[in-house]
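Notes for the structure review
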Amino acid sequence: MIALLVVICEVAFWVLLAAGLALRYVARKPRLGAAVLLCEPLLEVVLLVVTAIDLKNGSEPDWKHGLAAVYIGFTVGLGHHTVKKVDAWVAHRWFGGPPPVKPPKYGMARAVHEWRTAARWILAAVVAAGLLQAAIWYVGPGGEISSLQGWQQKMGLVVVVNLIIAGGYTVWPKRAPEGAVTEREPADRL
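Everything quoted here is computed from the prediction, not taken from an experiment. (Residues numbered from 1 in each chain as written. Predicted model: local features only at pLDDT ≥ 70, side-chain atom pairs only at ≥ 80, totals over all residues. Heavy atoms only, no water.)

Remarks on the overall build of the protein
Put simply, the test is: Segments assigned H or I by DSSP are reported as helices when at least four residues long, segments assigned E as strands when at least two residues long, and all are numbered from the N terminus. When accessible area is computed with a 1.4 Å probe and restricted to protein chains, residues below 20% of their type maximum are described as buried, those above 50% as exposed, and intermediate ones as partly exposed. Two residues qualify as a contact provided that any one of their heavy atoms is within 4.5 Å of a heavy atom in the partner residue. Areas reported as accessible are Shrake-Rupley estimates using a 1.4 Å probe. Residue values count occlusion only from the protein chains shown. His is not counted, nor are the chain ends, whereas Lys and Arg count as positive and Asp and Glu as negative. Note on charges: their place is set at NZ of Lys, CZ of Arg, CG of Asp or CD of Glu.
Secondary structure summary: the protein contains 6 helices and 0 strands in total. The N-to-C order of helical and strand elements in the protein reads α-α-α-α-α-α. Across its three principal axes, the protein shows a C-alpha extent of roughly 65 × 50 × 20 Å. Counting every position in the protein, which comprises 190 residues, the buried fraction comes to 35%. When contacts within the protein are restricted to residue pairs at least 6 apart in sequence, long-range pairs at least 24 apart make up 75% of them. Carbon and sulfur atoms provide 68% of the accessible area of the protein, an area that totals close to 11,500 Å². Mean positive and mean negative side-chain charge positions of the protein (19 and 13 charges, respectively) differ by 10 Å.

A few points about the UniProt feature "transmembrane region" (unreviewed entry) in the protein
Here is the rule: UniProt positions are given in the numbering used here, feature names are shortened, and annotations may be inferred rather than shown by experiment.
On the UniProt side, "transmembrane region" (unreviewed entry) is annotated at positions that read residues 32–55, 118–139 and 151–172 here. Note that residues 32–55 is 92% helix and 0% strand, and that its end C-alpha atoms are spaced 36 Å apart. In residues 118–139, helix accounts for 100% and strand for 0%; the two terminal C-alpha atoms are 31 Å from one another.

Some words on the packing of helix H1 (residues 2–26) against helix H4 (residues 63–95)
For clarity, the threshold we go by: The axes are straight lines fitted to the C-alpha atoms, using for helices just the contacting stretch, and the angles between their N-to-C directions are given from 0 to 180°. Working definition: roughly parallel below 35 degrees, roughly antiparallel above 145 degrees, roughly perpendicular at 65 to 115 degrees, and oblique for all remaining angles. Helix crossings are classified by the rotation of the near helix relative to the far one: an anticlockwise turn of less than a right angle makes the crossing left-handed, while a clockwise turn makes it right-handed. Amino acid classes used here: Ala, Val, Leu, Ile, Met, Phe, Trp, Tyr, Cys and Pro are nonpolar; Asp, Glu, Lys and Arg are charged; the rest, including Gly, are polar.
Where H1 contacts H4, the axes come no closer than 10 Å and their chain directions differ by 20°. Taken as axis vectors, H1 and H4 run roughly parallel relative to one another. H1 and H4 meet at a crossing whose hand is right-handed. In terms of residue class, the contact of H1 with H4 is built from 19 nonpolar, 3 polar and 4 charged.

Description of the packing of H1 against helix H3 (residues 40–56)
Two numbers describe how H1 lies on H3: the axes approach to 9 Å, and their chain directions differ by 170°. Here H1 lies roughly antiparallel to H3, going by the angle between them. Touching Ile 2, Leu 5, Val 6, Cys 9, Ala 12, Phe 13, Leu 16 and Leu 17 of H1 are Glu 40, Leu 43, Leu 47, Val 50, Thr 51 and Asp 54, all from H3. Grouping the constituent residues of the contact of H1 with H3 by class yields 11 nonpolar, 1 polar and 2 charged.

Observations regarding the nonpolar core
Quick note on the threshold: Side-chain atoms within 4.5 Å link the members of a nonpolar core, which is a set of buried Ala, Val, Leu, Ile, Met, Phe, Trp, Tyr and Cys residues.
Of all hydrophobic cores here, the largest spans 17 residues; its most connected members are Cys 9, Phe 13, Leu 17, Leu 47 and Tyr 71. Those elements giving two or more residues to this core turn out to be H1, H3 and H4. Among the elements that make up this core, the one with the highest residue count is H1 (8 residues). Residues within four places of Tyr 71 in sequence aside, it is in contact with Val 6, Cys 9, Glu 10, Phe 13, Glu 44 and Leu 47. Grouped together as the second largest cluster of nonpolar side chains are 16 residues, Ala 69, Phe 74, Ala 124 and Ala 125 included.

Below, the structure is given as structure tokens:
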């Protein structure tokens, strides 16, 4: 049931995103579109509550409960940025908006972009690991918690990989090719 709910929440995320953007641009109701987009965090609340109820009712924690925590973490860390990017793309592609800001390609501007990207992923991993730890404490020492701990280790790997990537761009910044015009492009925000 939990795995199905994760899938339903993911589909609902994209449905709400499409509905919010349609209201914003097609129906020209930006406030109503924003209200629909603000409903997206409710999906994570529902998933969190159902997962907690499932554990409280005696279900053994398994990979599905870990997946729910990871999904919530990644939505917290990456959801807002995803909505902003899709919004900018839709506005440009179909409604005459300005082109989305592209990430810088070279130098320290690229390194800053990579650190901001890493910060989003690290936030996602930390939230997921925290939820997993809360589930471990909730189940208690007598329960089977190895699958939850396995998800925590995977979140640690996400942090390490993102630190390596961002650090690599900092230590070895990508240089612009000879004669290339490097426009100053603003880096995206958190």
